[in-house]
Amino acid sequence: MNYGLVLEGGGLRGLYTSGIIDLFLEKGIEFPFVIGVSAGAGYGVSFVSKQHGRNLRTVREFRKDHRYLSLRSFIKTGNYFGLDFIYDEIPKHVPFDTKTFMESQTRFITVCSNVETGEAEYFEKAEDILQILKASSAVPFMCRIVEYKGKKLLDGGITDAIPIKKSIELGFSKNVVVLTHPEGFRRKDGFHPSWLFYRKYPKFVKAVNSYVARYNESLDFVEKEAEKGNVIIIRPSKDLKVKRTESDISKIERLYELGREDAANLITQNPMCNSYV
């Protein structure tokens, strides 16, 4: 498909995305360009490396391990999401195929947030992709700042949660956008103690404080592009109430299956996907 593939984050809600990309792998659907944020990037690499089921297997085997995600992990390491465990230790047990990933013709970009500039950083495919993913997945307030190539980074969702404009900028006027919330969802403003946590980085504080408005603007833009026929949106057709930090494996599995179902419906209903039916 000569479309860009844009993958939103969302922690464990990203298993919805995993169901979609596994169905795409089964159908032989490929994209010349993929851009992912946080969990979207973390799960999206398995699509480019063609490792069907890798994401679901990882969650099934390790979500209950306190090193994956827990208060205990936060106290011990400073990371509620155990980034070192997820991206350094788990690949020893559920290997990531770096060779296939690097040799793929698909261009892959990971979005991170630079805490010093308060702007998005876009990292191209690299051998040390798991370290880049660690930075993109470092949720503010819940994880330590990750340093990569001299830059201080956190979750890419803060600065570019739905990076469709970046995809368009890079030449992909048509995009498939995978969202992890159902239709009608909009974020609401709340209290962010960003000044307390990141007072050394005023530009990042500003980015955090404007995050909700910019996220909702991105959703509006995606939906308008869909009305124009430039975007195909895939998002949960049901609200299964799965949290970013979900611990109920059965709920996570249902969300994965919903992703497969929604992707299958897209393929059967969309004329441009006829060759994949």
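My aim in this report is to walk through the structure given alongside it, one point at a time. (Residues numbered from 1 in each chain as written. Predicted model: local features only at pLDDT ≥ 70, side-chain atom pairs only at ≥ 80, totals over all residues. Heavy atoms only, no water.)

With that out of the way, let us pick up the overall build of the protein. Counting its regular elements, the protein contains 13 helices and eight strands. Since a compact globule built from 277 residues should have a radius of gyration of about 19 Å, the 18 Å found for the protein is in line with a globular shape. Dimensions of the protein along its principal axes, counting C-alpha atoms only, are 50 × 40 × 35 Å. Taken over 277 residues, the protein has a buried fraction of 57%. The contacts of the protein with a sequence gap of at least 6 include a subset with a gap of at least 24, amounting to 74%. When the accessible area of the protein is evaluated, it comes to approximately 12600 Å², of which 50% is carbon and sulfur surface. Within the protein, the 35 negative side-chain charges are centred at a point lying 4 Å from the centre of the 41 positive side-chain charges. (Helix = DSSP H or I, 4+ residues; strand = E, 2+ residues; numbered from the N terminus. Rg over C-alpha atoms; globule rule 2.2 N^0.38 Å. Buried < 20%, exposed > 50% of the residue type's maximum accessible area, 1.4 Å probe, protein only. Contact = heavy atoms within 4.5 Å. Areas by Shrake-Rupley, 256 points an atom, 1.4 Å probe, with all protein chains shown as cover. Lys, Arg positive; Asp, Glu negative; His and termini not counted. Charge placed at Lys NZ, Arg CZ, Asp CG, Glu CD.)

Our focus in this paragraph is helix α1 (residues 15–27). Taking 1.5 Å per residue, 13 residues should reach 18 Å; α1 reaches 18 Å between its end C-alpha atoms and fits that length. Restricting attention to buried positions, one finds in α1 the residues Leu-15, Tyr-16, Thr-17, Ser-18, Gly-19, Ile-20, Ile-21, Asp-22, Leu-23 and Phe-24. Contacts made by the buried residues of α1 are with β1 (4–7), α2 (39–48), α3 (54–62), β7 (175–178), β8 (231–234) and α13 (249–269). A positive phi of about 75° marks Gly-28, the residue just after α1. (Expected span 1.5 Å × (residues − 1).)

A few words now on the pattern of salt bridges. Under the criterion given, the structure shown has 20 salt bridges. Residue Asp-220 is joined to Arg-186 by a salt bridge in which the shortest nitrogen-to-oxygen separation is 2.8 Å. You can see Asp-220 sitting in helix α12 (residues 211–227) and its partner Arg-186 sitting in the loop between β7 and α10 (194–197), a full 34 residues away along the chain. The exposure class of Asp-220 is partly exposed, given its relative accessible area of 34%. Among the residues examined, Arg-186 registers a relative accessible area of 27% and is labelled partly exposed. Salt bridges sharing partners connect three or more residues here, namely Arg-186, Asp-220, Glu-223 and Arg-235. (Salt bridge = Lys/Arg side-chain N within 4 Å of Asp/Glu carboxyl O.)

Bringing the pairing of strand β6 (residues 151–155) into the picture now. Bridge count between strand β3 (residues 107–114) and β6: three bridges; the pairing is antiparallel. For Ser-113, the partnering residue across the bridge sits in β6 and is Leu-154. One ladder, built from three bridges, connects strand β5 (residues 146–148) with β6; its direction is antiparallel. Its bridge partner being in β6, Tyr-148 is matched across the sheet by Lys-151. (Pairing = 2+ DSSP bridges.)

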